[in-house]
Amino acid sequence: MALRKKAAAAAAPAAEKTAVPAAKEAEKPAAKTRKAPVRKAPAAKKAAEAQVSLTLQYMGKELSQEDMVAAVKAQWTGEEIKTLALYVKPEDQAVYYVVNGEGSGKIDL
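Attention in this report is confined to the structure presented alongside it. (Residues numbered from 1 in each chain as written. Predicted model: local features only at pLDDT ≥ 70, side-chain atom pairs only at ≥ 80, totals over all residues. Heavy atoms only, no water.)

**Details of the environment of G103**
Inspection of the secondary structure puts G103 in strand β5 (residues 103-108). You can call G103 buried: its relative accessible area is 19%. Residues G103 and L84 lie 19 residues apart in sequence; the distance between their C-alpha atoms is 9.7 Å. For G103, the contacting residues outside a window of four places in its chain are W76, Y97 and V98. (Helix = DSSP H or I, 4+ residues; strand = E, 2+ residues; numbered from the N terminus. Buried < 20%, exposed > 50% of the residue type's maximum accessible area, 1.4 Å probe, protein only. Contact = heavy atoms within 4.5 Å.)

Right, here's the structure in full:
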């Protein structure tokens, strides 16, 4: 019986020595793993842009976007029109425009 106590006492410190590193290992944060970069599928060909049609109806009058652009082109005498911004203001009964970010004018409805 005394031998068993000595053997158990000798085995206990050995078990503690092995148990402590295992506990310390459990406390350590998990090693960082590198994730493979996410590859995107090739972009599908751009769908054809939708056709847009704008028509202003105000107090019995009707004016389409094409009519507004045609009126600006007829009135504009400056350089070639590369960009055109239209601003419709029904209460003034006018369409204001800006050509190429610089020139501007007004068309009566």
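Read on, since the account is not over.
**Here's the deal with the side chain of N100**
Structurally, N100 can be placed in the loop between β4 (94-99) and β5. Only 3.2 Å separates the side chain of N100 from the side chain of E79, close enough to count as a polar contact. A distance of 2.8 Å separates a polar atom in the side chain of N100 from the backbone oxygen of E80. Other than its neighbours up to four places away in sequence, N100 contacts E79, E80, I81, K82 and T83. (Polar contact = N/O pair within 3.5 Å; in protein donor to acceptor, adjacent residues only side chain to side chain.)

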